[in-house]
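So you can see what is in the structure, the chains are spelled out below.
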Amino acid sequence: MSQRIRTLEKRLADIVGEENVSSDPTDLIPFERDDQFFLVPPHRPDLVVRPGSTEEVQGVLRLAYRLRVPVVPLASGINRKGLCIPSRGGILLDLRRMNRILEISEEMMTATVEPGVSFGQLVNEVKKTGLRVITPWAPSTASVLANYMLRGIYGPATRYGTDHLISIEVVLPDGRLLRTGSANTPTSRPLPYCNLVNGPDLCKLFQANPGTMGVLTRGTIRLYPMPEVMKPFMASFPDYESMVKPAIELTVKDVVEACWTMTFTPSSLRTLTSGGRLEGLADLFERDFFSMWLYVAGEKWRAERDEERMRKIVEEGGGSLLPLPPETEEEMIKDEIWERTSVRGWKKGNLYGCSFYGVMKLAPEYYRVCREISFRYGFDEFHYEAVPVAPFHGQLAYNDPCILWDAGDPEQVRKMRRVHREIMRGLLRVGIYGWFRPFPGVVESRKLGEYGRLWRALKELIDPRHIMNPGKPPL
Amino acid sequence: MKPEELLRELYHCLHCHLCNFADWHSLDEWMPLCPSYAYFGFESFSASGKMEVARALLAGELRPSGRTLQVLFSDLGCGACHAQCHGLTGLKVDHVEVFEELKARLVERGYGPLPRQKAYARSIQKNRNPYGEKPGERTSWLEEEVPEKGETVYFVGCTSSYRQKEIARATVEVLLRSGEPFALLGEEEWCCGSPLLRTGQRKLARELAEHNLEALRRAGARRVVFSCAGCYRTFSRDYPKLLGRELGLELLHTSQHFLKVLPGGKLRGDGRRITYHDPCHLGRGMGVYDPPRELLRMLSRSFVEMKRSRENSWCCGAGSGVKAAFPDFALWSASRRLEEARGTGAEVLVSSCPFCKRNLEDAGRKVGGVEVKDLSELLAEALA
Ligand SMILES: Cc1cc2nc3c(=O)[nH]c(=O)nc-3n(C[C@H](O)[C@H](O)[C@H](O)COP(=O)(O)OP(=O)(O)OC[C@H]3O[C@@H](n4cnc5c(N)ncnc54)[C@H](O)[C@@H]3O)c2cc1C
Ligand code: SF4
Ligand code: SF4
């Protein structure tokens, strides 16, 4: 260990306490790679620091800024796509000690949380109020704030969209504290519930920036009413094309809260359903299974009306609603409102995804391109999903070509690098809106014209010494 | 598993961290479950962190440091992580086996175990027990005449023989009352080897296993009853692996044996509110959750569960050589458990492992508020 790191470690210990800093390789190794190691090369941080408060985060950043030491924030460390890999070393800022739910306001339908608060923790508290947290299909340990800050994809995104963050408190790279929205209005009480006041909504400036602009130390998020009735359905279709029109119509007419078009090859279905209630389903298919997973939800009268509308739209589109055993129905509801934890997609060991936003009507083409590449490299456990997330026109869709694979096999690792490059090229050829999240090696701001230039200039303005998560977009 | 197979499998940990928390759906509360991560706080002390450390060690990317030894030799082997991860993710290893394998490899290479863990190994070699006690005193607690040969042998274990003698006494009392004949190995009972196996010291453990099985053969044993969850698991799971053969013996924990042989209707508790702590070796280690509960329900109408129970049980903090090498951590973990027990309104916290009792009692001396008892003790009182 260099003298520089030793000195830095001492200074950091003065801020957060000796027991919350380490530079021992054993403590650093767990942060050096994630399951995207085949795309984002592993790199160790020089130190791990575990602050317990906003003041401590400020202290750490002030020091790092002065000494030009890179800082990589980590809220729950699940992110799978290299976003927390300290590609230039420096400080890995593990925020998991900051795990307080500061407020759940039933009146405002908001929760204010620290970055270490997980979805599981919040869902469990919020459900006591009868309200609902909009949740991703992620492990319940995922940080609410990191996920909402990055903008995710959520079970009911078809109805509720992908942005649930109202305002944030953020420590800027030089240690200054910024609060966005109404928390700044000089009144007698801090009110973090509104983002529409006093000028531009600066919260959005920090969204989808992967820890590159500062460290979020708290955030106020939206909660929603828990529907009185929720009913899941699964419809099968003869091919991808026939799912497009019904998916758009169901979205535009706001008939369902969730509309996931999902296609599975028989071998992926076999792996995904193994050991579960739907085990054996794959044996029914010789070719891909084209399905739509739908949730009708709301007050009783509305759910009844929407179910009828949904049935009509599906049938007119050539789909057939499948009879669901009550246990499967129950599990699907639990998944949607997080009454159980499930990470089935990882049954094979690893899951490759290349998520992006695309045009719903082009989903069949995306699917075909990605499937062909996947099969060409010998990966037949392929599935594809496209979810409309913009109720006003129904065309904007989250898409994810997924491959179940084994990262423990070096040959597969080599192939997967090529698959990834080809899938990216293939999708750009078809035409997509853009990539889901600012993943390194995926989003290149230099190819984004004036938008990219302005994004970099903003980064320059806020983090002129480039200490925040270097190596990640926009730089 | 061969090293290359293990290495390949380690790539399947997706860092989801679900192994650090209890199943919050069934508990209706978000609660930590990995004591070493909760206490030490660094990712390296969590199961997924240790998977990465394991990967780096196997791949030759990490030279073991003092911290590496601290991380691995403070692992409790409680298996809570495995209980959460198993079936949920694609990771197919048994976490506890990986951590134990890693410790064994380090010891083979001359790293570890920690000084106090080495010290008890020396005592086991010399005295056949980890406590530095004389072999001749193994049955000093025994007041009755018990034969040395018989089809059913009560394997007392070192902790009950030398430290928690009241458990040995109570177990014998209950066995006598049950009317079923049984024997004790006396001085021929040696440490089962669990403290060695959990700290990577496999060589000596094999010798102990061979001796104990030979002693049981000479005693004419067909059935072995254990009041120690650690001995029970070691015989059941480790001996066959260590020796490469089935043992040909019926192995039972006292809770299973007593449930069979005791007349349920005659059990009368003292009416106090009771809660039960699952010893990790018995519960997650061997899947024995119900027999102790069935007995406790017979004993008390006010039996209550703690939130973290069965697969979601919080470890007492004593196992895998942790109490010897990290006494503060061990007591901290036990204190959390006592607080949880107190939270149920229970007056008695019952376990069915002498080592759990020892650690919980030690912590109880500081925090107080709830009495710690072994299942055998309650049964002996009820039958008196
Ligand atoms: C099995 C599985 C399924 C998933 N499914 C979904 C899904 O359906 N929908 C979905 O949206 N996501 C999904 N994810 C991703 C998951 O939701 C993660 O929450 C999300 O990617 C963020 O990761 P994290 O919370 O662990 O944050 P981290 O990995 O800790 O951080 C992610 C990024 O945010 C930055 N960051 C973290 N905290 C802060 C902070 N306080 N201030 C500034 N920057 C910060 C980090 O530097 C990093 O760049 C899934 C993940 C897995 C493993
Ligand atoms: S050990 Fe299992 S539960 Fe824990 S992080 Fe790895 S995959 Fe997830
Ligand atoms: S065995 Fe217990 S202490 Fe060790 S990592 Fe798993 S849960 Fe934590």
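Just so it is clear, the structure is predicted and the values come from calculations on it, not from any experiment. (Residues numbered from 1 in each chain as written. Chains lettered and ligands numbered in written order. Predicted model: local features only at pLDDT ≥ 70, side-chain atom pairs only at ≥ 80, totals over all residues. Heavy atoms only, no water.)

Section: the overall build of chain A
Part 1: Within chain A, the regular secondary structure consists of 14 helices and 20 strands.
Part 2: A compact globule built from 475 residues would reach a C-alpha radius of gyration of about 23 Å, and chain A, at 23 Å, matches this within 12%.
Part 3: With the principal axes as the frame, chain A shows a C-alpha extent of 65 × 60 × 45 Å.
Part 4: Per-residue burial over chain A gives 63% buried out of 475 residues.
Part 5: Sequence separation of 24 or more characterises 73% of the internal contacts of chain A that already satisfy a separation of 6 or more.
Part 6: Carbon and sulfur atoms form 52% of the exposed surface of chain A, whose accessible area is close to 18700 Å².
Part 7: Within chain A, one finds 63 positive and 60 negative side-chain charges whose respective centroids are separated by 6 Å. (Helix = DSSP H or I, 4+ residues; strand = E, 2+ residues; numbered from the N terminus. Rg over C-alpha atoms; globule rule 2.2 N^0.38 Å. Buried < 20%, exposed > 50% of the residue type's maximum accessible area, 1.4 Å probe, protein only. Contact = heavy atoms within 4.5 Å. Areas by Shrake-Rupley, 256 points an atom, 1.4 Å probe, with all protein chains shown as cover. Lys, Arg positive; Asp, Glu negative; His and termini not counted. Charge placed at Lys NZ, Arg CZ, Asp CG, Glu CD.)

Regarding empty space enclosed by the protein
Part 1: One pass over the full model with this rule turns up six cavities of 30 Å³ or more.
Part 2: Taken together, 14 residues make up the lining of the second largest cavity; nearest its centre are Pro30, Phe31, Leu74 and Gly77 of chain A together with His15 of chain B. (1 Å grid on protein atoms, 1.4 Å probe; cavity = no way out; pocket = protein on both sides within 12 Å on 5 of 7 lines; lining within 4 Å. Points joined across faces, edges and corners; volume = space filled by probe spheres on them.)

Here we look at the domain arrangement of chain B
Residues and elements named next belong to chain B.
Part 1: Each assigned domain of chain B is listed here: domain 1 (3–108), domain 2 (118–260) and domain 3 (265–383).
Part 2: Contacts between the two partners involve 30 residues from domain 2 and, on the opposite side, 29 residues from domain 3.
Part 3: Summed over both partners, the interface of domain 2 with domain 3 buries about 2400 Å², with 72% contributed by carbon and sulfur atoms.
Part 4: Put simply, domain 2 and domain 3 have one salt bridge between them.
Part 5: Of the charged contacts, one joins Glu166 and Lys357 as a salt bridge, the two residues approaching to 2.7 Å between their closest N and O atoms.
Part 6: The interface formed by domain 2 and domain 3 holds five residue pairs in polar contact (both at pLDDT 80 or more) in total.
Part 7: For the side of domain 2 that touches domain 3, the elements supplying multiple residues, two or more each, are α9 (158–162), α10 (165–178), α13 (229–243) and α14 (254–261).
Part 8: For the side of domain 2 that touches domain 3, the leading source of residues is α10, giving seven residues.
Part 9: Considered class by class, the residues forming the side of domain 2 that touches domain 3 number ten nonpolar, 13 polar and seven charged. (Domains from an automatic or database assignment. Buried area = accessible area lost by both parts, 1.4 Å probe. Salt bridge = Lys/Arg side-chain N within 4 Å of Asp/Glu carboxyl O. Polar contact = N/O pair within 3.5 Å; in protein donor to acceptor, adjacent residues only side chain to side chain. Nonpolar A, V, L, I, M, F, W, Y, C, P; charged D, E, K, R; others polar.)

Brief notes about the site of ligand 3
All names here are of chain B.
Part 1: As a structural note, the neighbourhood of ligand 3 is formed by Cys34, Ser36, Ala47, Lys50, Asp75, Leu76, Gly77, Cys78, Gly79, Ala80, Cys81 and Phe99.
Part 2: Residue assignment for the shell around ligand 3 shows that the elements contributing at least two residues are α4 (47–58) and α6 (80–85).
Part 3: The residue inventory of the shell around ligand 3, partitioned by class, reads seven nonpolar, three polar and two charged. (Near = heavy atom within 4 Å.)

Considerations on the site of ligand 2
Part 1: Residues in contact with ligand 2, as listed here, are Cys13, Leu14, His15, Cys16, His17, Cys19, Ser48, Cys85, Thr89, Leu91 and His95 of chain B.
Part 2: Across the shell around ligand 2, the residue classes break down as six nonpolar, five polar and no charged.

A few points about the packing of aromatic side chains
Part 1: Taken as a whole and assessed by the stated rule, the structure comprises 40 aromatic pairs over all chains.
Part 2: Ring centres of Phe356 of chain A and Trp435 of chain A lie 6.3 Å apart, and the angle between their planes is 75°; this geometry places the pair in the edge-to-face category. Taken together, the residues span a long stretch of sequence, with Phe356 of chain A in strand β17 (residues 356–359) and Trp435 of chain A in strand β20 (residues 434–435) at a distance of 79 residues.
Part 3: Taken together through their ring pairs, the aromatic side chains of Phe119, Tyr148, Tyr154 and Trp338 of chain A together with Phe21, Trp24 and Trp30 of chain B make up a single cluster.
Part 4: The aromatic ring of Phe375 of chain A is capped on one face by Arg371 of chain A, whose charged end is 4.2 Å from the ring centroid.
Part 5: The ring of Phe42 of chain B is capped by Arg67 of chain B, whose NZ or CZ atom sits 5.2 Å from the centre of that ring. (Phe/Tyr/Trp six-rings, centres within 6.5 Å; stacked < 30°, edge-to-face > 60°. Lys NZ or Arg CZ within 6 Å of the ring centre and 35° of its normal.)

Focus on the domain arrangement of chain A
How big an interface is tends to be reported as the loss of accessible area on association of its parts.
All names here are of chain A.
Part 1: Assigned domains within chain A: domain 1 (3–96), domain 2 (99–225) and domain 3 (229–435).
Part 2: Interface of domain 2 and domain 3: buried area, both sides summed, is about 1800 Å²; carbon and sulfur atoms make up 56% of it.
Part 3: Of all residues in domain 2, the largest losses of buried area upon contact with domain 3 belong to Trp137, Thr158 and Arg159, amounting jointly to 45% of the total for that side.
Part 4: At the junction of domain 2 and domain 3, the tally comes to four salt bridges.
Part 5: Between Asp254 and Arg159 there is a salt bridge whose closest N-O contact spans 2.8 Å.
Part 6: The interface formed by domain 2 and domain 3 includes eleven residue pairs in polar contact (both at pLDDT 80 or more).
Part 7: Breaking the side of domain 2 that touches domain 3 down by element, the ones donating at least two residues are α4 (119–126) and α6 (157–160).
Part 8: Top element by residues in the side of domain 2 that touches domain 3 is α6. It accounts for four residues.
Part 9: Of the residues that constitute the side of domain 2 that touches domain 3, the class distribution is eleven nonpolar, eight polar and two charged.

With respect to the interface of chain A and chain B
Part 1: The interface is formed by 47 residues belonging to chain A together with 38 residues belonging to chain B.
Part 2: For the pair chain A and chain B, the number of links is six salt bridges.
Part 3: Ionic pairing is found between Asp28 of chain B and Lys127 of chain A, a salt bridge with its closest N-O pair at 2.9 Å.
Part 4: Linking chain A with chain B are 21 residue pairs in polar contact (both at pLDDT 80 or more), by the criterion used here.
Part 5: Contributing elements (two or more residues each) for the side of chain A that touches chain B: β1 (21–22), α2 (25–28) and α4 of chain A.
Part 6: Residue contributions to the side of chain A that touches chain B peak at four residues, all from α4 of chain A.
Part 7: Residue composition of the side of chain A that touches chain B, grouped by class: 14 nonpolar, 16 polar and 17 charged.

Some remarks on the environment of Pro323 of chain A
Part 1: By the element assignment, Pro323 of chain A lies in the loop between β15 (320–321) and α11 (326–337).
Part 2: Measuring from C-alpha to C-alpha, the distance between Pro323 of chain A and Phe233 of chain A comes to 8.3 Å, with 90 residues separating the pair along the chain.

A short note on the sheet that holds strand β8 (residues 165–171) of chain A
Residue and element names in this part refer to chain A.
Part 1: Judged by pairing direction, the sheet is antiparallel, and its five strands sit side by side in the order β5-β6-β10-β8-β9 without closing on themselves. Taken across any chain shown, the strands that pair with only one partner, and hence form the sheet edges, are β5 (101–105) and β9 (177–179). Each neighbouring strand pair of the sheet contributes to a mean axis angle of 10°, computed without reference to strand direction.
Part 2: Where strand β6 (residues 110–113) meets strand β10 (residues 215–222), four bridges bridge the pair, whose relative direction is antiparallel. (Pairing = 2+ DSSP bridges. Axes fitted to C-alpha atoms, helices over the stretch in contact; angles between N-to-C directions.)

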